[in-house]
Structures are given as C-alpha cells and as structure tokens.
Amino acid sequence: MQVCLVTGGNSGVGLMTAIGLAKLGNHVFIACRSANKAAKAIEYIRQTTGNQNVTFLPLDLASLDSVRKCVKLFNNYNLPLHILINNAGIFNKRGTTQEGFELIWGTNYLGHFLLTYLLLEKLQNSAPSRIIMLSSDLALSPSSIDWDLLVKRTPLNFLKLYAASKLCLLLLTKELLQRLNNSQVTVNAIHPGFVQSNITIWHRLSKYLGLGISAEAGAYSTLVCATSPDYQNINGKFLDSHAQEILLPEIAQNQELSQELWERSLLWAGCNQQQNTKKVNYDGTDEIWGPNYLALSSNEIAEITQYIFDDVLLKLPIKILLKQVVKSFIKFDVGSLFIILIQVFTKRFYMERHLDSPVIWQLCQDKNLLERLNAHLGDNLVLWRSELWVNYPAQQLIPFWHRDSYSKLLKGDGKTINVYIALTEVNEDNGFEYIPSIYLENCEIKGTDPFSGNQFFEITDEVAKKAIPVVLRPGEFVLFTNELLHRSVRNNSGKARLSLTLRLTQPGVEILPGYTSNYQKPVILQSQK
C-alpha cells in the first residue's frame, strides 16, 4: 500500500484521480477547503472502491498558513508519502490570496510550491516516490513572467495570470528535476485536456454540448504517470491527456528563469525564514528607544491581532470616510483625498482607527506605553494620529528613505515622538530599517512630500548597507523622533506584518487640519504618574 495526497480530490479530475488511487488499495488523502464536500467525496470513494483508507485534510491553497497547517496535520499521521498530486486549481476568480498575492497565481502555483517544498523531505525519505503537477496547454503561451502582476489583484485579463500560474508549475517541475537528481523522486507535469469539470460554467456546460472529455478521462495521464511501472523512471516531462510528451517552449526550459522563480518563491512563501531569536537594544543614540513591552500577555496580543485582521481591517468606516471626502472637496484638500484613496484601494494603510475601534484605543491607553511616553513628553500626551500598517509578502510599504517630521501639519514649540508597536513579529525581513546617526552627514535631501512636509533622502548603496533593522516580538514597541532616517523593508517573510504607529506631541504644538482621512481634535491621553 502506498500513501497518496491529492489536492482538490473532492471533485472533477481530482476526485477521479483519488478513486483510481483508492482502487489500487492505496491510502488516499484528499486535501481541499470544504469539509462537507470532502465528506461526500470520501463516502463516494469508499462506496465505489471498497477502500476505507481515504482521509480528509483541510487545505486552502490561497492561504500559506493553511498550507503549513495541512502539512503539519499530515505529518502527525507519521506516514510516508509516495505520491503527491498537485491537482487543485482555479481559473477565472479575481482578488488576492490571504497574504496579498494575485489569487489565481497564488492558488494554482504558490500554494502548491509551498506544499511541495514542505513535503520534499518526506517524499525523499519515502522514495521511490512521485510528484505530479497539473498544468495546462495554456502554459505554452506566455513569453515572459510579469513579476509585478503576481503581487496585485487579478487584472481584467485573468487568462494571463492563469497561463502564468501553469507556466510556473512547468518551471517548478524543471527546477525540482535538477534539485532531486539521484533521489528516486520523480516529478512530471500533466495537461489533462479540456475536461467536463466544474472549474468554470463553460466546462460544466461542455458535457451537454458534446465538448471536451470526461473527468475520468482527464485523470488518465495523472494515474498512469503516478502508478504505472513503465513511468517509474520518466522524469521532468510534460504529458498530454494520452500520456504522450508535449514539447516545451524555450521559456519553460529556461534554467535561469526557473532558478529565479525558485528563489522568489522561497522568499514569498517564507521558506528561508528563520525564527527570530535576535534581540536588538536601541539606546537612543540614533533617536530610537526600545524594545519596550506592552502590559499585555502574548495570548492577549494574538487575540487583538487576529481581531484586527478579521474585523477592523475588513470594516472600513465608510460614513466617516465619505464625510471626509466631502470636507476635502469643499476645502480643496488634495492631501486628504490622496490618503483616503490609498486606504480604500491599497488596503495596506489605515488611519485614525483609534477613533472608531475600541481595540485600537485600548492599545493607545496601555499602561506601559503611557509610562514610556510620559518619560519623553511629560504628563500631557497629545495623540494626533494613528496608523495601522499591513505589509504583505513581496510588498514594500514606503521604499523611500525619509523622516517623519510633518512640518506642514505641526506648528509651534514642543516635543514630538512616534511609537511603532509590533502586533506580529517584526524582523529584518519584513519591518523597517534606519540609518545610524554617524552616517547622516552623507545623506542628501532628494525631495519633500507636498502634503506632510516630510523629507526624502538620497542614500548611497554604501550607506544603505549600514542600515540597522528594527527587530521586535509581538507586543514590543520602540519610540523614535523625527530625526530618525528610515524606510520600510520589502516583506520576504512569507507572512503579513501588522504594526500600529502612533504620533504624539505636547499641548503647545498646534495640529493643522489636512492630509487625513478623519480629521478630529487630537486626543489627550491620561498620564500614568
């Protein structure tokens, strides 16, 4: 008996593949999103084949966390893995994955990349074993990969992303062929043909129009490649629905491209990310202090963070934003309109949520936070702005070196301070970095934000290499002044990074209206002394 894992094994070609494997007496795991659909599929497979060894694994390929959990659940069975079939896929859906990647590419390719990567050691230890990628003849159409499209919402031309996702599976097949050389693990790709499946309405209607092939026929090549002794040594091939080889175009055989895709995938899926054990102290020499700690337990921080992701970020204060839009038009406040558009369309930046979210307001009143702020600004703390930042994988929120001076929004004498609170882990792969003060004389002003007055700087590569990353655990925070020269880091951690930034000053400083999505009078935080 062999152990097999089929993604999308609850319907269509995946279901027929699972049935074929079960008929041979194998232990078949079907991995899919819906537990109800999986239960019906498992009952059908058991009745059809008489094989009771069919098991459900919850898996949402549009969530890298779900992929990791699926692998963990499978490993808990302490079984080998002889056959991995990456069958699941979507065709014409639009949006982004949980981590912010384009939905079609992220589901069809990146989710399967991470699943395969995390199971490679298991497959090697279980050798001889086989990996099958379900691709498509549309993979033969792209002439290049537009990397920028992979980290945005699905464009109008979704076919381009579908084709790219299937091309990437071919490139992954070729890359694994090199990396698994002499390991007795084979990897091949299949084009199942135009199948009468449920992937689109046209595929569903094709059965009644006499078009395409049945799901059972679509599973033929996959089953032959996965189980036939004749294919035990076939490796690195792309096969059609009759198990005949399809010649690959040059782009699908491009070794440099497959290596680049591999490296990018490792970064985007967080596969080369080590657990953060580094602890960095910021003593104020560079106008940054920390790490400091909120008066909350790790469990409380985790609950608050999950609530922010699930509730606060998904529910924009539409009425407040519309009121600000009207005010901005009346006052011709271009800066505020710009900020509102950023919040609505990028979904990475959320301003003034302390005014409408009790959870954010709770963080602002944390006892330990207020004690540290009192030490810097005195008893009267004026909170004039809050900003929630979500840095999704492969994104870089603010790539420009800058200072948070806000010279066009703050007027008068008094101190100011900024607070950066880590709600998820912040490290050198996903947070922000700053230039030590000893190198500031080598930094030239490049421009000024016309709305805030913040300055942007030209930094040489040599100075940029001296940058120090901010490293924080969830619930830790740093304070920094407007002298800190910093920028965001491109997120290569494979997970979304969430942080809360607070801007505070003293009562003698006047807060000017503008460049906000919800202008209100500043909030006075109660002293803890």
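Definitions and limits used
Throughout this document, residue positions are counted from 1 along each chain, in the order its sequence is written. Local features in this predicted model are restricted to residues whose pLDDT is 70 or higher, and side-chain atom pairs enter the listing and the counts only when it is 80 or higher, whereas totals over whole chains, interfaces and linings include all residues. Values shown for side chains rest on all heavy atoms present in the structure; no hydrogens or waters enter the calculation. Secondary structure elements are defined from DSSP: runs of H or I of at least 4 residues count as helices, runs of E of at least 2 residues count as strands, and each element is numbered from the N terminus. What a helix is expected to span follows from its residue count: subtract one and scale by 1.5 Å. Only protein chains enter the accessibility calculation, which uses a 1.4 Å probe; a residue whose area is less than 20% of its type maximum is buried, one above 50% is exposed, and one in between is partly exposed. What the arc describes is the spread of directions from the helix axis to the C-beta atoms. We call two residues in contact whenever any of their non-hydrogen atoms come within 4.5 Å of each other. For patch detection, residues must exceed 30% relative accessible area and be free of salt bridges, and they are connected within 9 Å for like charges or within 5 Å for nonpolar side chains (Val, Leu, Ile, Met, Phe, Trp, Tyr). Accessible areas in this description were obtained via Shrake-Rupley with a 1.4 Å probe; residue shielding takes into account the shown protein chains only. Salt bridge, as applied in this entry: a Lys or Arg side-chain nitrogen positioned within 4 Å of an Asp or Glu carboxyl oxygen. For the charge count, each Lys or Arg is scored as positive and each Asp or Glu as negative, with His and the chain ends excluded. A single reference atom marks each charge: NZ on Lys, CZ on Arg, CG on Asp, CD on Glu. Think of each axis as a best-fit line through the C-alpha atoms, taken over the contacting stretch in the case of a helix, with angles from 0 to 180 degrees between the N-to-C directions. By the definition adopted for this analysis, an angle is roughly parallel if under 35 degrees, roughly antiparallel if over 145, roughly perpendicular if from 65 to 115, and oblique otherwise. Take the far helix as your reference; a near helix turned counterclockwise from it by less than a right angle gives a left-handed crossing, and one turned clockwise gives a right-handed crossing. In this classification, Asp, Glu, Lys and Arg are treated as charged, Ala, Val, Leu, Ile, Met, Phe, Trp, Tyr, Cys and Pro as nonpolar, and every other residue, Gly included, as polar. Only when DSSP finds a minimum of two bridges between them are two strands counted as paired. Cysteine sulfur atoms are paired as a disulfide whenever they fall within 2.5 Å. The definition of a polar contact used here is a pair of N or O atoms within 3.5 Å, where within protein one atom must be able to donate a hydrogen and the other to accept one, and adjacent residues in sequence count solely through side-chain atom pairs.

J.: I'm lost on helix α10 (residues 298-312) in this one. Help?
T.: An α-helical turn contains 3.6 residues, so any two residues separated by three or four positions project in the same direction. The first and last C-alpha atoms of α10 sit 20 Å apart over 15 residues, in line with the 21 Å expected at 1.5 Å per residue. Inspection of α10 places Ile301, Ile304, Thr305, Ile308 and Val312 among the buried residues, and these make up the whole buried set. Down the axis of α10, the smallest arc covering the buried residues is 100°, so these residues share one side. Of the exposed residues in α10, the ones pointing more than 90 degrees away from its buried face are Asn299 and Glu303. Turning to α10, the residues buried within the fold contact α13 (358-364), β11 (381-391) and β21 (497-505).

J.: Explanation requested: a positive patch on the surface in the structure shown.
T.: Taken together, Arg33, Lys37, Lys40 and Lys93 make up a surface patch of like positive charges. Among the secondary structure elements, Lys93 is positioned in the loop between β4 (83-86) and α4 (103-125). Lys93 sits in the partly exposed class, given a relative accessible area of 40%.

J.: For this particular structure, what's the right way to read the pattern of salt bridges?
T.: Summed over the entire model, instances satisfying the criterion amount to twelve salt bridges. Of the charged contacts, one joins Arg353 and Asp356 as a salt bridge, the two residues approaching to 3.0 Å between their closest N and O atoms. Classification of Arg353 by relative accessible area gives buried; the value is 4%. Residue class for Asp356 comes out partly exposed when judged on its relative accessible area of 30%. We note a salt bridge from Lys446 to Glu458, for which the minimum N-O separation is 4.0 Å. Taken together, the residues span a long stretch of sequence, with Lys446 in strand β16 (residues 444-448) and Glu458 in strand β17 (residues 455-458) at a distance of twelve residues. Given a relative accessible area of 61%, Lys446 falls into the exposed group. For Glu458, a relative accessible area of 43% corresponds to the partly exposed category. Members of the salt-bridge network, linked through shared partners, are Glu387, Asp404 and Arg503.

J.: Before we go on, may I ask you to explain the packing of helix α11 (residues 318-331) against helix α12 (residues 334-346) in this structure?
T.: Each pair of packed helices can be described by the angle between their axes along with the distance between the axes. Packing of α11 against α12 leaves a shortest axis separation of 9 Å and a crossing angle of 150°. In this view, α11 runs roughly antiparallel relative to α12, as classed from their interaxial angle. Our pair here, α11 against α12, has a crossing hand that is left-handed. Of the residues in α12, those touching α11 at Leu321, Gln324, Val325, Ser328 and Phe329 are Ser336, Leu337, Ile340, Gln343 and Val344. Residues that form the contact of α11 with α12 fall into these classes: six nonpolar, four polar and no charged.

J.: Whenever I open this one, the environment of Pro249 confuses me. Can you help?
T.: Tracing the sequence through the fold places Pro249 in the loop between β7 (238-239) and α9 (255-268). For Pro249, a relative accessible area of 25% corresponds to the partly exposed category. Separated by 246 residues in sequence, Pro249 and Val3 place their C-alpha atoms 34 Å apart.

J.: So what exactly am I meant to see when it comes to the pairing of strand β14 (residues 416-422) here?
T.: For a regular strand, side chains alternate in direction, first toward one face of the sheet and then toward the other. Of all the seven residues making up β14, six are buried; the element is thus mostly covered by neighbouring parts of the structure. When β14 meets β21, the two strands line up antiparallel, connected through seven bridges. Residue Ala422 lies in a different strand from β21, and its bridge partner there is Ser499. Pairing geometry for β14 and strand β19 (residues 476-480), over four bridges, is antiparallel. Pairing of Val419 across the sheet is with Leu479, part of β19.

J.: Help me understand the sheet that holds strand β6 (residues 185-190), please; the structure alone is not making it clear to me.
T.: Strand pairing within a sheet occurs via backbone hydrogen bonds; the two strands may be parallel or antiparallel. Reading across from one edge, β3-β2-β1-β4-β5-β6-β7 is the order of the seven strands in this open sheet, with parallel pairing throughout. Looking along the sheet, the strands with just one partner apiece sit at the ends: β3 (54-58) and β7. By the bridge criterion, four bridges tie β4 to strand β5 (residues 129-134) in an arrangement that is parallel. Bridging from a neighbouring strand, Ile85 pairs with Ile132 of β5. Here helix α3 (residues 64-75) sits on the sheet in contact with β1 (3-7), β2 (27-32) and β3, set at roughly 145° to β3. Strands β1, β4, β5 and β6 of the sheet are contacted by α4, whose axis makes an angle of about 175° with β4.

J.: So what exactly am I meant to see when it comes to the state of the cysteines here?
T.: Two cysteines whose sulfur atoms are joined by a covalent bond form what is called a disulfide. What the rule picks out here adds up to zero disulfides. Free of any disulfide, Cys4 has its nearest cysteine sulfur in Cys225, 13 Å distant. Unpaired in this structure, Cys32 has its nearest cysteine sulfur neighbour in Cys70, at a distance of 9.6 Å. For Cys32, a relative accessible area of 5% puts it in the buried group.

J.: I keep staring at helix α1 (residues 12-23) and nothing clicks. Help me out?
T.: Its twelve residues place the ends of α1 17 Å apart at the C-alpha level, agreeing with the 16 Å of an ideal helix rising 1.5 Å per residue. Counting buried residues in α1 gives eleven out of twelve residues, a clear majority hidden from the surface. Turning to α1, its buried residues number three or more, namely Gly12, Val13, Gly14, Leu15, Met16, Thr17, Ala18, Ile19, Gly20, Leu21 and Ala22. One or two residues past the end of α1 sits Gly25, with phi positive at roughly 85°.

J.: Any chance you could explain the side chain of Thr154 here in plain terms?
T.: Within the element layout of this structure, Thr154 appears in the loop between β5 and α5 (158-179). Within the local environment of Thr154, its side chain forms a polar contact with the backbone nitrogen of Gly95, the two atoms lying 3.0 Å apart. Among the polar contacts listed, one links the side chain of Thr154 to the side chain of Glu102, at a separation of 2.5 Å. Leaving out residues up to four positions away in the same chain, Thr154 has contacts with Lys93, Arg94, Gly95, Glu102, Leu103 and Ile104.

J.: Teacher, can you tell me more about the environment of Leu381 here?
T.: Position of Leu381 among the secondary structure elements: in strand β11. Its relative accessible area of 0% is what places Leu381 among the buried residues. Separated by 125 residues in the primary sequence, Leu381 and Gln506 have C-alpha atoms spaced 5.9 Å apart. When near neighbours in sequence (up to four residues on either side) are disregarded, Leu381 contacts Leu370, Leu373, Asn374, Leu504, Thr505, Val523, Ile524 and Leu525.

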